[in-house]
Amino acid sequence: MIPLVLLAAGLGALLDVKAIPASVPADTVFFAQIEQDAPAELCVLSGLDMAIYSSRTDVVRRVAFHADTTVFDVADITGDGHSEIVAIENGRIMQYNIPPQDHAPEPVELFTLDTLLKGPVQPPLPEPAVLAVSWYGETLLALPVQTGFELRRLDSRLIASYPFQSADNGQQPFMHLFYADASDGEDKGGPPGSLRLHVSSKQNPDADLPPEFHPAEEAQPMRQHRWAPPSQLAQMAEQAPENWPWFSLRTDGADSTRVLYAPVKPHMNSTQIRLREISPTVNPWSESGIKILPARQYPGILAAPRGSIPDFNGDGYADLFLWWTPKPGKSLDSLMSAIIGKTWPIHVSMHLFNPEKMRYEPAAVSSIECRLPIQWFLKIEDGSPLRNCILEDFNGDHKTDAAWSTSPQDFNVWLYRDGGFASAPDFTYAFPERIEGIIERGDIAGSSRMSLVMRGAKNLYWLCPVQTSEKPE
């Protein structure tokens, strides 16, 4: 079987589609920077074997981890511009060199250290983790041990240590449960073939780490949204506006203004929007200085987007992405068409924010009509019947584009241009099998062009930007 197949670009030559054989159980899929001057590559981990795929060539590189490997990181730990893999095998810290092609050679042992990243009794399966960190111009290994969090060089030299806080700091222990076969007869109290239960209790350790080691989301000025699942949207209309779901008006989260939204009862086919402003001169946690502007209604139901908050025209303000569908009428022709075709129409509209008027425009900048399988309307996901819906930049112009499937075996992308979206997609692709969903996404080249990985029953499909020297319109 050919491990990597370029299925060709779809309509509009926007994305290349590469088919990668999938394994069962599901693979672990992530992007990693292998060459520091090239786009990130796709890593597919199946058990102990990892394959590395490039968006530029058909070369597939492979790494086989040892059976005791628990966690690993892909990073340039030697400073040569080419990434290596550092892995933990119980008490051994190992380095795997990534080959230019084919299989990686056997790893070398850097040093031994008793870390908290040892595996359980059962043979572990390796997982990606952050082990290599930048520290004053050099790359160190960040390793948790029994007493704290340590930073070490590749020769094991200890550079810094951050002790864990004492157990009386209010943290709660958590229970770790696992089952094992008791048929070996060593455990008493159960018949052959039964399971024995092991229980272990441990504290959740916490160290006073430097700010640069904290998760990136902790450095954000504020959380940018609080979506509500579809099952709770109907209840939101009866709540006070301050309890409504919301998202930040500014896509960078730098402004405290929030966009509150809730459906309009009783028909639930339109959305009311209110802005919540906070005076910059008052305590943001105090109710004084909070101003909630009057509600405005927009036709359709606001869909909580997968990915970034949409900014279609690239002005830094969040825009609205709404959908609605006509109710079945008395027309026999329309009902027969739906029954025979097993599809139903849906309308998607986008409203831009007007910062001068501090409101969303009442008229949609664009409206797209398409048909979806009827069964998708019976099971709403992510706030709409649209499947594989993602709002991201696909052509690198720093404006949000829209993409979704209109059947179980296709994917379509509409590009935002001056004046809005066209009625027909700019890119469409028909897969040879049903698509189960999007499992990974990322900007692999830092060009603001989104790459996606979608899963089918037999293959993974990598949709990566077509390489071009032309600038986006």
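Next up on the list: the overall build of the protein chain. Helix and strand counts for the protein chain stand at three helices and 37 strands. Counting over 473 residues, the protein chain shows a buried share of 45%. Carbon and sulfur atoms form 52% of the exposed surface of the protein chain, whose accessible area is close to 24,600 Å².

With that settled, the discussion passes to the sheet that holds strand β6 (residues 60–64). Strand order in this open sheet of five strands is β3-β4-β5-β6-β10, and the pairing throughout is mixed. A strand with exactly one partner marks an edge of an open sheet, and here the two such strands are β3 (28–32) and β10 (102–103). Two strands pair when backbone bridges link them, and strand β4 (residues 41–46) and strand β5 (residues 49–53) are joined in this way by five bridges, in the antiparallel orientation. Bridge pairing in β5 links Leu45 to Met50.

For the structure shown, the criterion picks out 13 salt bridges. Of the charged contacts, one joins Arg250 and Asp252 as a salt bridge, the two residues approaching to 3.5 Å between their closest N and O atoms. Judged by relative accessible area, Arg250 falls into the partly exposed class, the value being 25%. Glu392 is the salt-bridge partner of Arg441, the closest N and O atoms lying 2.8 Å from each other. On the criterion of sequence distance, the pair formed by Arg441 in strand β35 (residues 435–442) and Glu392 in strand β31 (residues 387–392) is long-range, its members being 49 residues apart. A relative accessible area of 34% means that Arg441 is categorised as partly exposed. Under the relative-accessibility criterion, Glu392 is labelled buried at 8%. Through salt bridges with shared partners, a single network forms among Glu35, Glu41 and Arg61.

Below, the discussion takes up the packing of aromatic side chains. One pass over the full model with this rule turns up 16 aromatic pairs. Residues Phe31 and Trp462 carry aromatic rings whose centres are separated by 6.0 Å and whose planes lie at 45° to one another, so their mutual orientation is tilted. Of this pair, Phe31 sits in strand β3 while Trp462 sits in strand β37 (residues 459–465), and the two are 431 residues apart along the sequence. Across the pair, exposure class does not vary: Phe31 and Trp462 are buried alike. Relative to Phe421, the ring of Tyr416 has its centre 5.3 Å away and its plane inclined at 75°; by these criteria the two rings are edge-to-face.

For the rest of this paragraph, the subject is the nonpolar core. Membership of the largest hydrophobic core comes to 23 residues, with the highest contact counts inside it found for Phe247, Val259, Ile273, Leu302, Leu320 and Tyr360. When residues of this core are traced back to their parent elements, those giving at least two are α1 (230–236), β20 (246–248), β21 (258–263), β22 (270–278) and β26 (320–324). Broken down by element, this core gets its largest block of residues, four residues, from β21. Core analysis: the second largest hydrophobic core is formed by 22 residues, Ile346, Trp404, Tyr416 and Phe421 among them.

What follows is about the sheet that holds strand β15 (residues 148–152). What the four strands build is an open sheet, ordered β13-β14-β15-β16; its pairing is antiparallel. Edge positions in the sheet fall to β13 (132–135) and β16 (158–163), since each of these pairs with one other strand and no more. In this sheet, neighbouring strand axes are inclined to one another by 30° on average, regardless of whether the strands run parallel or antiparallel. Pairing of β15 with β16 involves five bridges; the strand directions are antiparallel. By the bridge assignment for β16, Arg152 is matched with Leu158.

What counts, and at which threshold
Residues numbered from 1 in each chain as written. Predicted model: local features only at pLDDT ≥ 70, side-chain atom pairs only at ≥ 80, totals over all residues. Heavy atoms only, no water. Helix = DSSP H or I, 4+ residues; strand = E, 2+ residues; numbered from the N terminus. Buried < 20%, exposed > 50% of the residue type's maximum accessible area, 1.4 Å probe, protein only. Areas by Shrake-Rupley, 256 points an atom, 1.4 Å probe, with all protein chains shown as cover. Pairing = 2+ DSSP bridges. Salt bridge = Lys/Arg side-chain N within 4 Å of Asp/Glu carboxyl O. Phe/Tyr/Trp six-rings, centres within 6.5 Å; stacked < 30°, edge-to-face > 60°. Core = buried A, V, L, I, M, F, W, Y, C linked by side-chain atoms within 4.5 Å. Axes fitted to C-alpha atoms, helices over the stretch in contact; angles between N-to-C directions.

By themselves these figures say nothing about function.
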